[in-house]
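As a plain string of letters, each chain reads:
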Amino acid sequence: AQSVLLEMVAEKAMMMEGRRLGYLNDAQIQPYLERQRQQRLGGMLWTDHMRANLSIDPAEADKMVKSNPKLTREQAERLVTQSKGMALLEQFYKQLLEKRHLKRMTENFPRVAQIHDRLLNRPASPRREAWILLSQISNDLTQEEKNLVLATFDGGQVTALDWFRALHEIIPPRRPVNLSTPEGVEQFLDRSLRIAVFVTEAESRGYHKRPDFLQQMRELEDQQLLYKAQDAKTRGITEPNEQQIKAYFE
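A.B. asks: With reference to specific residues and values, describe the overall build of the protein chain.
C.D. replies: Along the backbone of the protein chain there are 11 helices and three strands. When the helices and strands of the protein chain are placed in sequence order, the string is α-α-α-α-β-α-α-α-β-β-α-α-α-α. Its C-alpha atoms give the protein chain a radius of gyration of 23 Å, clearly above 18 Å, the size a compact globule of 250 residues would have. In terms of overall dimensions, the protein chain has a C-alpha envelope of 65 × 50 × 40 Å along the principal axes. The proportion of buried residues among the 250 residues of the protein chain is 33%.

Written out as structure tokens, the structure reads:
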């Protein structure tokens with residue numbers, strides 16, 4: 001028990017030290033935490049809306065089982081819930097867009113398409129990867145480019161930086177291939193726009209002040225602080241050679 005306690009105290013001390021040293025402003029940690037913050041706020045809002053508005057008629061599941069006898073009752077209920085849930089989500093999103101008076105800044109779409117083409121095909125620094133990296137989004141975009149507004153709505157906006165960060169969340173093989181065109185920029189805009197609208201609505205309802213949300217974010221911060229502190233403390237340690245690895249394994 002004492003050894004476990006000492007390890008917990010040591011980890012807590014590393015988290016506190018990392019916070020004191022400003023590790024939360026790290027170029028990789030900060031975007032991750034912000035993304036988690038947005039996803040959790042949007043998820044909380046959507047979950048509450050679905051609980052209040054989604055109702056399933058048992059007859060719908062019965063009908064699906066009759067049309068496909070291979071389905072179990074549980075599978076049918078899950079499929080009905082998913083289908084109705086997606087329809088409810090789209091309806092809720094459209095209501096929020098109307099409520100917040102969305103306006104797309106189409107005049108900036110060609111500029112973002114050009115920036116995407118530059119980052120993808122003419123990177124400022126050589127790279128081995130064939131896709132846009134997070135470091136390019138942070139370092140190769142000028143502040144003026146990051147601030148390009150693609151959409152506005154009551155209480156918020158979506159910038160080119162938001163757009164590129166949303167792109168980075170998709171694994172490269174699944175990224176759209178037409179993003180170097182204004183049409184592609186507009187089509188992909190909905191991804192970053194959707195979460196921004198949901199977060200704004202959630203904040204307007206005070207979700208960002210809920211104790212459970214604040215606790216979740218604090219735990220995420222501590223986790224990232226510990227990882228960063230451990231990395232900083234062990235960076236100078238020499239990697240084991242093949243003989244040492246073999247001996248340890250045996």
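A.B. asks: Break down helix α2 (residues 29-53) for me, citing the residues and quoting the values.
C.D. replies: With 25 residues, α2 extends 36 Å from end C-alpha to end C-alpha; this agrees with the ideal 36 Å at 1.5 Å per step. Restricting attention to buried positions, one finds in α2 the residues Ile 29, Pro 31, Leu 33, Gln 36, Leu 41, Gly 42, Met 44, Leu 45, Trp 46 and His 49. Turning to α2, the residues buried within the fold contact α4 (73-99), α8 (160-168), α9 (182-204) and α10 (211-234).

A.B. asks: Let's hear about the pattern of salt bridges: which residues, and what values?
C.D. replies: As enumerated under the stated definition, the model contains 24 salt bridges in all. Where Glu 221 meets Arg 19, a salt bridge forms, and the shortest distance between an N and an O atom there is 2.9 Å. Taken together, the residues Glu 221 in helix α10 and Arg 19 in helix α1 (residues 2-20) connect sequence positions 202 residues apart. Residue classification places Arg 19 among the partly exposed residues on the basis of a relative accessible area of 26%. Between Lys 84 and Glu 60 there is a salt bridge, and its shortest N-O distance comes to 3.4 Å. Separated by 24 residues along the polypeptide, Lys 84 in helix α4 and Glu 60 in helix α3 (residues 58-67) bring together distant segments of the chain. Of the residues examined, Glu 60 reaches a relative accessible area of 30% and is grouped as partly exposed. Through salt bridges with shared partners, a single network forms among Lys 12, Arg 19, Glu 221 and Asp 222.

A.B. asks: Please give an account of the nonpolar core that cites residues and values.
C.D. replies: The biggest cluster of nonpolar side chains holds 52 residues, and the ones touching the most others in it are Val 112, Trp 163, Phe 164, Leu 189, Leu 193 and Phe 198. Elements represented by at least two residues in this core include exactly α2, α4, α5 (109-121), β2 (149-153), α8, α9 and α10. Looking at this core, the element that brings in the most residues is α9, giving nine residues. Apart from residues no more than four positions distant in its own chain, Leu 193 is found in contact with Tyr 93, Leu 102, Arg 104, Ala 151, Phe 153 and Val 158.

A.B. asks: Any details on the sheet that holds strand β1 (residues 103-104)? Residues and values, ideally.
C.D. replies: As a general point, the strands of a sheet are linked pairwise by backbone hydrogen bonds and lie either parallel or antiparallel. The three strands lie next to each other as β1-β2-β3, forming an open sheet whose pairing is antiparallel. In the strand order of this sheet, the two ends are held by β1 and β3 (156-159), each with one partner. In this structure, β2 lies alongside β3, joined through four bridges in antiparallel fashion. Across the sheet, residue Val 149 finds its bridge partner in β3, namely Thr 159.

A.B. asks: Give a description of the packing of α1 against α10 that names residues and reports values.
C.D. replies: Running from amino to carboxyl end, α1 crosses α10 at an angle of 90°, the nearest separation of the two axes being 8 Å. The pairing of α1 with α10 is recorded here as roughly perpendicular in orientation. In this structure, α1 contributes Glu 11, Lys 12, Met 14, Met 15, Gly 18 and Arg 19 to the contact, and α10 contributes Arg 218, Glu 221, Asp 222, Leu 225, Leu 226, Ala 229, Gln 230 and Lys 233. Classifying every residue of the contact of α1 with α10 gives five nonpolar, two polar and seven charged.

About the cut-offs
- Residues numbered from 1 in each chain as written.
- Predicted model: local features only at pLDDT ≥ 70, side-chain atom pairs only at ≥ 80, totals over all residues.
- Heavy atoms only, no water.
- Helix = DSSP H or I, 4+ residues; strand = E, 2+ residues; numbered from the N terminus.
- Rg over C-alpha atoms; globule rule 2.2 N^0.38 Å.
- Buried < 20%, exposed > 50% of the residue type's maximum accessible area, 1.4 Å probe, protein only.
- Expected span 1.5 Å × (residues − 1).
- Contact = heavy atoms within 4.5 Å.
- Salt bridge = Lys/Arg side-chain N within 4 Å of Asp/Glu carboxyl O.
- Core = buried A, V, L, I, M, F, W, Y, C linked by side-chain atoms within 4.5 Å.
- Pairing = 2+ DSSP bridges.
- Axes fitted to C-alpha atoms, helices over the stretch in contact; angles between N-to-C directions.
- Parallel < 35°, antiparallel > 145°, perpendicular 65-115°, else oblique.
- Nonpolar A, V, L, I, M, F, W, Y, C, P; charged D, E, K, R; others polar.

Structural measurements only, silent on function.
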